[in-house]
Amino acid sequence: MGGRFGDGPVVPEAEDEIFHEGWHARALAVVLACGSLGKWNIDVSRHARECLAPKDYAAFSYYEKWMGGLAALLVETGVLTRDELAGQTDEQISALATKKLTADQVAGVLARGGPADRESNAAPAFDIGDAVLTRRIAENVLVSGGHTRLPSYAAGAMGRIMRYHGTHILPDSNAHGLGEAPEPLYAVVFPASELWAHPEHPRDEVVLDLWQSYLEAV
Amino acid sequence: MRGDFGVQAWTSRLLRGKLLHMPHDHHDHDHPHSLLPPAPALRVKALETILTQKGLLDPAALDEIIDTYENKIGPRNGAHVVAKAWSDPDFAARLHEDADKELSALGYYGRQGEHMVVVENTPETHNMVVCTLCSCYPWPLLGIPPGWYKSDAYRARAVREPRAVLADFGVSLPEQTAVRVWDSTAEVRYLVLPMRPRSTDGWSEEALMDLVTRDSMIGTGLAVQP
């Protein structure tokens with residue numbers, strides 16, 4: 001939705017407003033805890049949220065999207081059946097219960113995180129300062145309608161390599177069970193005038209983190 | 001129509017364990033979330049209940065996660081890093097060189113902060129961070145993102161009209177300052193190092209920390225000028 005018009009003002013908040021509703025906190029915690037079941041990765045999880053029907057995506061609040069994505073993942077991966085989601089549970093303990101995140105494991109799991117950098121045979125094709133052109137169509141080229149991290153506002157745009165981040169998991173592959181396929185990741189800087197018809201200031205810039213396969217040399 | 005799938009119906013099915021046919025008269029029902037009660041608070045409660053019954057969720061673990069982000073991990077971590085960078089030029093230099101190493105040493109490594117880059121504001125460049133594709137944010141340093149960071153308005157507008165967004169926060173930049181917006185499209189997370197306020201020479205790290213707001217580390221605010 002980057003660049004979209006018509007959304008109205010951004011409304012600042014006090015720093016101590018962490019969760020607006022009790023269920024927001026609960027939703028975040030349920031989603032995080034379910035990650036420990038090991039049935040999906042972060043790219044699959046993001047894609048599940050993006051696969052909500054457009055009208056649901058527009059109508060749902062933030063944590064409702066998380067719930068919608070989680071419900072879809074639980075069914076898709078066979079963790080729960082549709083009947084169980086509908087409240088018809090047999091109350092049998094799941095075979096996956098051994099993976100359950102327990103309270104004493106929480107601090108360690110959050111502290112370990114999930115790094116996305118991986119060794120790769122793909123050598124960096126660009127140097128800092130090189131001009132690059134992004135893929136003209138912001139779509140997954142491996143899977144029709146699949147997950148990608150190239151926003152459409154930055155498709156077909158010319159920028160410069162600003163920073164090299166090393167080799168990272170490619171979400172376009174990892175979101176679809178096609179392997180981690182790590183490749184070079186760069187911060188690419190674009191003049192605002194390359195992206196927008198009416199930039200606010202002649203020297204403003206936007207930087208995006210983009211994988212090597214999203215880019216071609218100019 | 002949605003009333004048929006209210007929590008009472010859902011709960012009674014759960015309690016009775018009886019099979020009831022779910023009507024498929026509406027396309028919504030192909031999405032698994034539509035099997036749950038429609039009210040979001042009840043939807044979460046329903047998921048938590050089912051998953052707990054199946055032995056897949058430990059409610060005490062949920063409490064622990066919530067306590068972590070309500071009371072342990074938040075923007076004071078980031079403020080500590082900023083105040084330390086203002087106070088110690090060697091630390092600031094190392095932070096720019098290898099943020100992950102320095103932040104890990106301070107205990108600020110973790111989920112959603114595995115690959116950190118610190119970007120420094122100067123009179124020439126003001127940095128501002130967004131995630132237009134979802135809500136990526138440096139959790140170990142700033143905690144859970146504020147509602148506005150996750151809002152459609154911020155995600156849509158920050159890249160196209162950052163100065164208008166800054167105006168919503170009451171911030172106006174000088175003409176000579178360029179805005180550089182970082183759209184967090186990968187697993188790299190960005191922390192803005194705001195400019196140190198004037199007339200704070202000799203201030204302790206603790207005193208400086210109080211000038212560092214969460215918004216100043218996202219780039220929608222400036223550090224507090226005492």
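Residues numbered from 1 in each chain as written. Chains lettered and ligands numbered in written order. Predicted model: local features only at pLDDT ≥ 70, side-chain atom pairs only at ≥ 80, totals over all residues.

Here's the deal with the overall build of chain A
If you tally the helices and strands in chain A, you get 8 helices and 5 strands. For chain A, the succession of helices and strands along the chain, N to C, is α-α-α-α-α-α-β-β-α-β-α-β-β. Dimensions along the principal axes, computed over C-alpha positions, put chain A at roughly 60 × 45 × 35 Å. (Helix = DSSP H or I, 4+ residues; strand = E, 2+ residues; numbered from the N terminus.)

With respect to the overall build of chain B
The helix and strand inventory of chain B stands at 11 helices and 4 strands. Counting the 226 residues in chain B, one finds 51% classified as buried. Within chain B, residue pairs in contact and separated by at least 24 positions form 69% of the contacts whose partners lie at least 6 positions apart. (Buried ≥ 20, exposed ≤ 12 C-beta atoms within 10 Å, placed from the backbone. Contact = placed C-beta atoms within 7 Å.)

A word on the interface of chain B and chain A
Listed per partner, the contact involves 78 residues of chain B and 83 residues of chain A. Counting residues per element, the side of chain B that touches chain A draws most heavily on helix H3 (residues 59-72) of chain B, which supplies 9 residues. Residue classes in the side of chain B that touches chain A are distributed as 40 nonpolar, 17 polar and 21 charged. Two elements, strand E4 (residues 205-211) of chain A and strand E3 (residues 178-183) of chain B, share 4 bridges in a ladder whose sense is parallel. Of the residues in E3 of chain B, the one forming a bridge with Val-206 of chain A is Val-181 of chain B. (Nonpolar A, V, L, I, M, F, W, Y, C, P; charged D, E, K, R; others polar. Pairing = 2+ DSSP bridges.)

Quick look at the environment of Glu-205 of chain A
Here Glu-205 of chain A shows up in strand E4. Those residues in contact with Glu-205 of chain A, other than ones at most four positions away along the chain, are Val-189, Phe-190, Pro-191 and Ala-192 of chain A together with Ala-178 and Arg-180 of chain B.

Topic: the packing of helix H1 (residues 22-35) of chain A against H3 of chain B
Put simply, H1 of chain A and H3 of chain B touch, their axes get as near as 9 Å, and they point 115° apart. The pairing of H1 of chain A with H3 of chain B is recorded here as roughly perpendicular in orientation. Where H1 of chain A crosses over H3 of chain B, the two elements pack in a sense that is right-handed. Touching Ala-25, Arg-26, Ala-29, Val-30, Leu-32 and Ala-33 of chain A of H1 of chain A are Ala-61, Leu-62, Ile-65 and Ile-66 of chain B, all from H3 of chain B. When grouped by side-chain class, the residues that make up the contact of H1 of chain A with H3 of chain B number 9 nonpolar, no polar and 1 charged. (Axes fitted to C-alpha atoms, helices over the stretch in contact; angles between N-to-C directions. Parallel < 35°, antiparallel > 145°, perpendicular 65-115°, else oblique. Left-handed = near helix turned anticlockwise from the far one by under 90°.)

Points about the domain arrangement of chain A
All names here are of chain A. Partitioning chain A into domains gives domain 1 (22-112) and domain 2 (131-217). The distance between the C-alpha centroids of domain 1 and domain 2 comes to 28 Å. Contact residues are listed per partner, giving 6 residues for domain 1 and 4 residues for domain 2. (Domains from an automatic or database assignment.)

A word on the packing of helix H2 (residues 42-50) of chain A against helix H4 (residues 62-76) of chain A
Residue and element names in this part refer to chain A. Their axes nearest at 8 Å, the elements H2 and H4 cross at an angle of 110°. Considered as vectors, H2 and H4 are oriented roughly perpendicular to each other. The handedness of the crossing between H2 and H4 comes out as right-handed. Counted together, Ser-45, Ala-48 and Arg-49 of H2 and Lys-65, Trp-66, Gly-68, Gly-69, Ala-72 and Leu-73 of H4 form the full contact between these two elements. Across the contact of H2 with H4, the residue classes break down as 4 nonpolar, 3 polar and 2 charged.

With respect to the nonpolar core
If you look at the biggest cluster of nonpolar residues, it comprises 115 residues, and the most contacted ones within it are Val-30, Ala-33 and Leu-70 of chain A together with Leu-47 of chain B. For this core, the leading source of residues is H1 of chain A, giving 10 residues. There are two domains that each give this core at least three residues, and those are domain 1 (22-112) and domain 2 (131-217) of chain A. Beyond its immediate stretch of four places on either side in the chain, Leu-70 of chain A contacts Val-30, Val-31 and Cys-34 of chain A together with Leu-47 of chain B. (Core = buried A, V, L, I, M, F, W, Y, C linked by C-beta atoms within 7 Å.)

A short note on the pairing of strand E1 (residues 115-120) of chain B
All names here are of chain B. Taken across its 6 residues, E1 has 5 buried, putting it largely inside the fold. Direction of pairing for E1 relative to strand E4 (residues 188-193): parallel, over a ladder of 6 bridges. When the bridges of E4 are listed, His-115 appears paired with Val-188.

A word on helix H4 (residues 75-87) of chain B
Residues and elements named next belong to chain B. Taking 1.5 Å per residue as the helical rise, H4 with its 13 residues ought to reach 18 Å, and the 18 Å between its terminal C-alpha atoms agrees with that figure. Pro-75, Asn-77, Gly-78, Ala-79, Val-81, Val-82, Ala-83, Ala-85 and Trp-86 are the residues of H4 that are buried. Residues of H4 that are buried in the fold lie against helix H5 (89-97), helix H6 (99-105), helix H7 (139-142), E4, helix H10 (205-209) and helix H11 (214-218). (Expected span 1.5 Å × (residues − 1).)

Re unusual backbone geometry
The backbone phi angle of Ala-181 of chain A is positive, close to 40°, even though this residue is not glycine. Here Ala-181 of chain A lies in the loop between helix H7 (171-174) and strand E3 (183-191). With phi around 65°, Gln-112 of chain B is a residue other than glycine that occupies positive phi space. In this structure, Gln-112 of chain B sits in the loop between H6 and E1. Residue classification places Gln-112 of chain B among the buried residues on the basis of 22 C-beta atoms within 10 Å.

A closer look at the sheet that holds strand E5 (residues 215-217) of chain A
As summarised here, the arrangement of the 7 strands in space is E5(A)-E1(A)-E2(A)-E3(A)-E4(A)-E3(B)-E2(B), forming an open sheet in which the pairing is mixed. In the strand order of this sheet, the two ends are held by E5 of chain A together with strand E2 (125-130) of chain B, each with one partner. Neighbour to neighbour, the strand axes of the sheet diverge by 35° on average, direction disregarded. Note that strand E1 (residues 131-134) of chain A and strand E2 (residues 158-168) of chain A share 3 bridges and pair antiparallel. Looking at the pairing, Ala-131 of chain A lines up with Arg-160 of chain A of E2 of chain A.

Notes on the environment of Leu-133 of chain A
Residue and element names in this part refer to chain A. Structurally, Leu-133 can be placed in strand E1. Residue classification places Leu-133 among the partly exposed positions, given that 15 C-beta atoms sit within 10 Å. Considered as a pair, Leu-133 and Ala-155 are 22 residues apart in the sequence and their alpha carbons are 8.5 Å apart.

Here's the deal with the confidence of the model for chain B
Residue and element names in this part refer to chain B. The pLDDT averaged across chain B works out to 90; a share of 87% of its residues lies at or above 70. Here residues 1-5 scores under 50 on pLDDT; set against residues more than four positions off or in separate chains, the count is 7 contacts. Across residues 15-27, confidence stays below pLDDT 50; counting only partners more than four residues off in sequence or on other chains, it has 9 contacts. Overall fold confidence for the complex sits at a pTM of 0.93, while the interface term, ipTM, reaches 0.97. (pLDDT = per-residue confidence, 0-100.)

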